[in-house]
Amino acid sequence: MSGYTTGSLLPDNGFGRRRGRKRGRWRRLRPPAALLIFASGSVIVSYWLLSERRAAEAAASRSDFDCVIVPGGGLDAAREPAPWVAERLEAALRHDHETAFYLVLSRGTTHKPAPTDSRGYAVDEAAASARYLVRRGVAPERVLLESWSLDTIGNAAFARLMHADLAQWRRMLVVTSDFH
């Protein structure tokens, strides 16, 4: 019966003690320590959730909309937003005092190659629209870009997945054209 002590069903660990048994002062300290860790974690998480909620409420009280969304629609020969996109951007600017952010949309289109800059790099419609807003006085940190998609359905999907859901936006204004 090597490895077992008489009268016990627990295997012997070779030092006269049975495996599976906990002994010593650490056993007495474990429940209070676990309770302390749990309580500390709960306080930290509660404080974080409360501060996030306060920040969201403060942002909501400053504006009527969480975001003004402006779809793309092409670039002109100078790689600036097309005239109808510039009209959308100007309409969006009329809501500047009512919004925390602007979200400009579109990488381009699948119907024609992307326009390129003087160095041969593609110019995204969203980047051109963002520059337009910044040149008109909007702080760069208030202008967000959705430049993953190449069509309106993709713009809507990525705007929601990559911005609205993550930021928990609930009030958005979409500024578009009658023909869009």
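Our subject is the structure that appears above.
Residues numbered from 1 in each chain as written. Predicted model: local features only at pLDDT ≥ 70, side-chain atom pairs only at ≥ 80, totals over all residues. Heavy atoms only, no water.

Student: Before we go on, may I ask you to explain helix 4 (residues 152-167) in this structure?
Tutor: What sets the pattern is the α-helix's 3.6 residues per turn: residues three or four places apart point alike. Its 16 residues give helix 4 an end-to-end C-alpha distance of 21 Å, which sits within 8% of 22 Å, the value for a rise of 1.5 Å per residue. Maximal helix bending in helix 4 amounts to about 40 degrees, located at Arg160. Contact partners of the buried residues in helix 4: strand 2 (99-105), strand 3 (143-146) and strand 4 (172-174). Positive phi shows up at Gln168, right after helix 4, with a value of about 60 degrees. (Helix = DSSP H or I, 4+ residues; strand = E, 2+ residues; numbered from the N terminus. Expected span 1.5 Å × (residues − 1). Bend = angle between axes of the 7 residues up to and from the residue. Contact = heavy atoms within 4.5 Å.)

Student: What is the right way to look at the nonpolar core in this model?
Tutor: One broad rule of soluble globular proteins: the nonpolar side chains tend to lie buried together. Judged by nonpolar contacts, the single largest core of 18 residues is most densely connected at Leu89, Tyr102, Val104 and Leu133. Broken down by secondary-structure element, the contributors of at least two residues to this core are strand 1 (65-70), helix 2 (83-93), strand 2 and helix 3 (125-135). The element best represented in this core is helix 2, accounting for six residues. Ignoring any residue separated from it by four or fewer positions in sequence, one finds Leu133 in contact with Leu89, Leu93, Tyr102, Val104, Val138 and Val143. (Core = buried A, V, L, I, M, F, W, Y, C linked by side-chain atoms within 4.5 Å. Buried < 20%, exposed > 50% of the residue type's maximum accessible area, 1.4 Å probe, protein only.)

Student: Please clarify how the pattern of salt bridges should be interpreted in this entry.
Tutor: Side-chain pairs of opposite charge can arise where the charged atoms are in close proximity. Taken as a whole and judged by the stated rule, the model has seven salt bridges. Arg142 is the partner of Asp96 in a salt bridge, and the nearest nitrogen-oxygen pair spans 3.0 Å. Of this pair, Asp96 sits in the loop between helix 2 and strand 2 while Arg142 sits in the loop between helix 3 and strand 3, and the two are 46 residues apart along the sequence. One salt bridge connects Asp124 with Arg107, and the closest N-O pair in it is separated by 3.1 Å. Placement of the pair is Asp124 in the loop between strand 2 and helix 3 and Arg107 in the loop between strand 2 and helix 3, with a sequence separation of 17 residues. Under the relative-accessibility criterion, Asp124 is labelled buried at 15%. (Salt bridge = Lys/Arg side-chain N within 4 Å of Asp/Glu carboxyl O.)

Student: Looking at this structure, I do not really get the pairing of strand 3. What am I missing?
Tutor: As paired strands, strand 2 and strand 3 are joined by four bridges and run parallel to one another. The partner of Leu103 across the bridge, within strand 3, is Leu144. (Pairing = 2+ DSSP bridges.)

Student: How should the packing of helix 2 against helix 3 be read in this particular structure?
Tutor: Each pair of packed helices can be described by the angle between their axes along with the distance between the axes. Two elements in contact, helix 2 and helix 3, have axes separated by 11 Å at closest approach and are oriented at 45 degrees. Judged by the angle between their axes, helix 2 and helix 3 are oblique. As helix 2 packs across helix 3, the resulting crossing turns out to be right-handed. Contacts between helix 2 and helix 3 involve Val85, Ala86, Leu89, Glu90 and Leu93 from the former and Ser129, Tyr132 and Leu133 from the latter. (Axes fitted to C-alpha atoms, helices over the stretch in contact; angles between N-to-C directions. Parallel < 35°, antiparallel > 145°, perpendicular 65-115°, else oblique. Left-handed = near helix turned anticlockwise from the far one by under 90°.)

Student: Sorry if this is basic, but what is going on with a nonpolar patch on the surface here?
Tutor: Taken together, the side chains of Trp148, Phe158, Leu161 and Met162 define a hydrophobic patch exposed on the protein surface, amounting to about 390 Å² of accessible area. Within the fold, Trp148 resides in the loop between strand 3 and helix 4. (Patch = residues over 30% accessible without salt bridge, like charges linked within 9 Å, V, L, I, M, F, W, Y side chains within 5 Å. Areas by Shrake-Rupley, 256 points an atom, 1.4 Å probe, with all protein chains shown as cover.)

Student: Looking at this structure, I do not really get the sheet that holds strand 1. What am I missing?
Tutor: Think of a sheet as strands paired side by side through backbone hydrogen bonds, with each pair either parallel or antiparallel. Judged by pairing direction, the sheet is parallel, and its four strands sit side by side in the order 3-2-1-4 without closing on themselves. The open sheet has two edge strands, strand 3 and strand 4, and neither has a second partner. Adjacent strand axes in the sheet meet at a mean angle of 25 degrees when their direction is disregarded. As paired elements, strand 1 and strand 2 share five bridges and run parallel to each other. Within the sheet, the bridge partner assigned to Val68 lies in strand 2 and is Tyr102. In the packing of helix 2 onto the sheet, the strands contacted are strand 1 and strand 2, and the crossing angle to strand 1 comes to about 165 degrees.

Student: Can you help me understand unusual backbone geometry in this one?
Tutor: Residues other than glycine predominantly adopt negative phi, and peptide bonds predominantly adopt the trans conformation. Positive phi outside glycine occurs at Arg79, with the angle close to 65 degrees. As for its placement among the helices and strands, Arg79 is situated in the loop between strand 1 and helix 2. With a phi close to 60 degrees, Gln168 is a non-glycine residue in the positive phi region. Within the secondary structure, Gln168 sits in the loop between helix 4 and strand 4.

Any functional reading would require information beyond the geometric quantities listed.
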